[in-house]
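Spelled out, the chains give:
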Amino acid sequence: ANWRALGEAGAPEALAAAVDDHLRDGPSGPRGLHDDDGAVAAAAALALLPPKSGGEEAETWATQAVCEHLNKKLDDDKAGRAMRLRDFTLAARALSGRASAGERAEAFAKAAAPALVRCLLRDGWRTGGPGGESPEAYRLLCLGDCAESVLQLACVGDNTASILRTAGAVAALEKLKGETDGRLREAVRGAEHHLALGLIRSNSPIKSHSSKRYDVFLSHKQTDAKDFARALHTMLTLRRYKAFLDMEFDGSLDTLQEYVASSSVFAFILSENVLDSPWCVAELTAAVDSGVPVVVVKKEGSRWRDPNTGSLSLTFPGPDVLKKLPARVQQVFQIKIVEHSDVYYAPFIDKFFDRLEEAGLPPAEDPYALTTEELEGLERGGRPRLRHMLSMMDGRRPSLDGRSSLDRRSFDEDGSQPTSPASAAARRLDPLDEVTSATTAETLTVQLDRRTLYVLAAIGAGAAVFASIGTAVAVLLLVPR
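The rules behind each value
- Residues numbered from 1 in each chain as written.
- Predicted model: local features only at pLDDT ≥ 70, side-chain atom pairs only at ≥ 80, totals over all residues.
- Heavy atoms only, no water.
- Buried < 20%, exposed > 50% of the residue type's maximum accessible area, 1.4 Å probe, protein only.
- Helix = DSSP H or I, 4+ residues; strand = E, 2+ residues; numbered from the N terminus.
- Pairing = 2+ DSSP bridges.
- Axes fitted to C-alpha atoms, helices over the stretch in contact; angles between N-to-C directions.
- Parallel < 35°, antiparallel > 145°, perpendicular 65-115°, else oblique.
- Left-handed = near helix turned anticlockwise from the far one by under 90°.
- Contact = heavy atoms within 4.5 Å.
- Nonpolar A, V, L, I, M, F, W, Y, C, P; charged D, E, K, R; others polar.
- Right-handed = clockwise from strand over helix to strand, strands pointing away.
- Core = buried A, V, L, I, M, F, W, Y, C linked by side-chain atoms within 4.5 Å.
- Expected span 1.5 Å × (residues − 1).
- Arc of directions from axis to C-beta.
- Phe/Tyr/Trp six-rings, centres within 6.5 Å; stacked < 30°, edge-to-face > 60°.
- Lys NZ or Arg CZ within 6 Å of the ring centre and 35° of its normal.

This part is about the pairing of strand β3 (residues 263-270). Burial runs high along β3: eight of the eight residues are buried. Pairing analysis gives five bridges linking strand β1 (residues 214-219) to β3, with the strands arranged parallel. Within the sheet, the bridge partner assigned to F217 lies in β3 and is F266. As judged from the five bridges shared by β3 and strand β4 (residues 294-298), these two strands associate in the parallel manner. If you follow A267 over to β4, its bridge partner there is V295.

Okay, the packing of helix α5 (residues 85-97) against helix α6 (residues 103-121) next. Packed helices, taken two at a time, are described by their axes: the angle between them and the distance between them. α6 packs onto α5 with a crossing angle of 140° between their chain directions and a minimal axis gap of 12 Å. By the angle between their axes, α5 is oblique relative to α6. Classified by chirality, the crossing of α6 by α5 is left-handed. Only F108, L116 and C119 of α6 make contact with α5, whose side of the interface consists of T89, A92, L95 and S96. Looking at the contact of α5 with α6 residue by residue, the classes come out as five nonpolar, two polar and no charged.

Glancing now at the pairing of β4. The buried fraction of β4 amounts to four of the five residues, a majority that puts the element mostly inside the structure. Taken together, β3, helix α13 (residues 278-290) and β4 form a β-α-β motif whose crossover is right-handed.

Attention shifts here to the nonpolar core. Judged by nonpolar contacts, the single largest core of 50 residues is most densely connected at L116, L120, V150, L164 and L195. Among the elements that make up this core, the one with the highest residue count is helix α7 (residues 135-156) (12 residues). V292, W304, L325 and V332 belong to the second largest nonpolar core, which has 26 residues in total.

Two elements in contact, helix α4 (residues 56-73) and α5, have axes whose closest approach is 9 Å; the angle formed by their N-to-C orientations is 140°. By the angle class used here, α4 and α5 are oblique. Regarding α4 and α5, the two cross each other, and that crossing is left-handed. Two secondary-structure elements touch here, α4 through T63, V66, H69, L70 and K73 and α5 through L85, F88, T89, A91, A92 and L95. Residue classes in the contact of α4 with α5 are distributed as seven nonpolar, three polar and one charged.

Over its 14 residues, helix α16 (residues 345-358) runs 20 Å from end to end, which matches the ideal 20 Å to within 8%, given 1.5 Å per residue. Within the span of α16, buried status applies to Y345, F348, I349, F352, F353, R355 and L356. Buried residues of α16, viewed axially, fall in a sector of 155°; they line one side. Looking at the residues trailing α16, positive phi occurs at G360, about 120°.

Turning to the packing of aromatic side chains, a few remarks are in order. Applying the stated criterion across every chain, the model contains 14 aromatic pairs. For the pair Y241 and F353, a centre-to-centre distance of 6.1 Å together with 15° between the ring planes defines the contact as stacked. Highlighted residues: Y241 in the loop between α11 (222-238) and β2 (243-244) and F353 in helix α16, separated in sequence by 112 residues. Across the pair, F353 and Y241 agree in class, each one buried. Taking 5.4 Å as the distance between ring centres and 25° as the angle between the ring planes, the aromatic pair formed by F244 and Y259 counts as stacked. In this pair, F244 is assigned in strand β2 and Y259 in helix α12 (residues 256-261), connecting sequence segments 15 residues apart. Three or more aromatic residues joined by ring pairs form one cluster here, namely Y214, F217, F244, Y259, F266, F268, F316 and F333. Sitting over the face of the ring of W125, R122 holds its NZ or CZ atom 4.4 Å from the ring centroid. The aromatic ring of Y214 is capped on one face by K242, whose charged end is 5.4 Å from the ring centroid.

Structure, rendered in structure tokens:
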């Protein structure tokens, strides 16, 4: 509500004008920024507020300032300062969320990636947050922002994903895989997917679990829930559901109602302004008319206006809002909805997927398991690029002859699939040149067991030889001279 109110009041335009004056006239400009600290605060605010048309110079400078001071705050984030590290991790997340394919997105990725990776790798969080958060809670907030920034930029395209990989984002994300915080864990999983497994998935596109074109149709209003919808789409994709999201769709949107009808489940993200969108209401109506089960997900923090007081205080749309919808559509909101929560993120995700199963979808698959089709796809194409990327992700550059540096030792001893998605892909990709035609872990496991037997046999033979020599020496020492 504050975000929208400030946007409507003209705060972005006022800040952009102030920054323009600051850049032109220096700290003593007429807009009252006075010093560089004020300009930096304006930069962070510009990143967080609704984007405005025009003012490219101010926004470009603000983007650079956010990246620069994010890096500085990693070295100096003392309590009591007016601007803290989280101000800039939040700003970076907002800028990442509004990035779209093109040179500006790539420039931002180059500027932000080193600082984001530094933050993800940072140790020794001794200072709490400005809102009274403990050091651990403050750490999780900042890391969650940075992981979500990496996820957003990785979703933009191959170029920004490549920039992140080069900056070391994969190793930084790998370090955080054991985190138990739901928001951070899901952001790490999603970012890893787009940085690593995205290339593998391209060899075997996800297929719908039924005769329908899509498993899930995600309906949302972009100005309210762009980042949230993209995060849900990533989680669905990780679990091998084929999901429709307009931001990820490159076809014509003229026949959206047909895409709704050809989906198994319709997920409607309930946010403040979604019911004011003719497009979203039309999609919801199409789902009801087509008999597609509807799952309503209420985005945390959404508020609706109380007709009696005029304030945004209602946590659910009131009757005055719902009665504007067709009668058959109003019934959708009488069914228990799924409540989104950042604090209780893991239970929210569990409830979301439980509701999808209740609506008729099969249980979610292991997010990191590679299918037979994917393994065969690795054999058919894309191997050099994947080998290079995966070797980089494991901390090894490929040798000059282009052969993979991975060997049998990178497998788990019991032959099971490792926990790292990148390593899992690499270990099934090309563990040894002599078995490059192998397409299943079982084949590799058999060969591992055979080699293990050879090694054990050699060790046993060597031990027997040394035992014989030791016995002979002992006898010679005991015999009287």
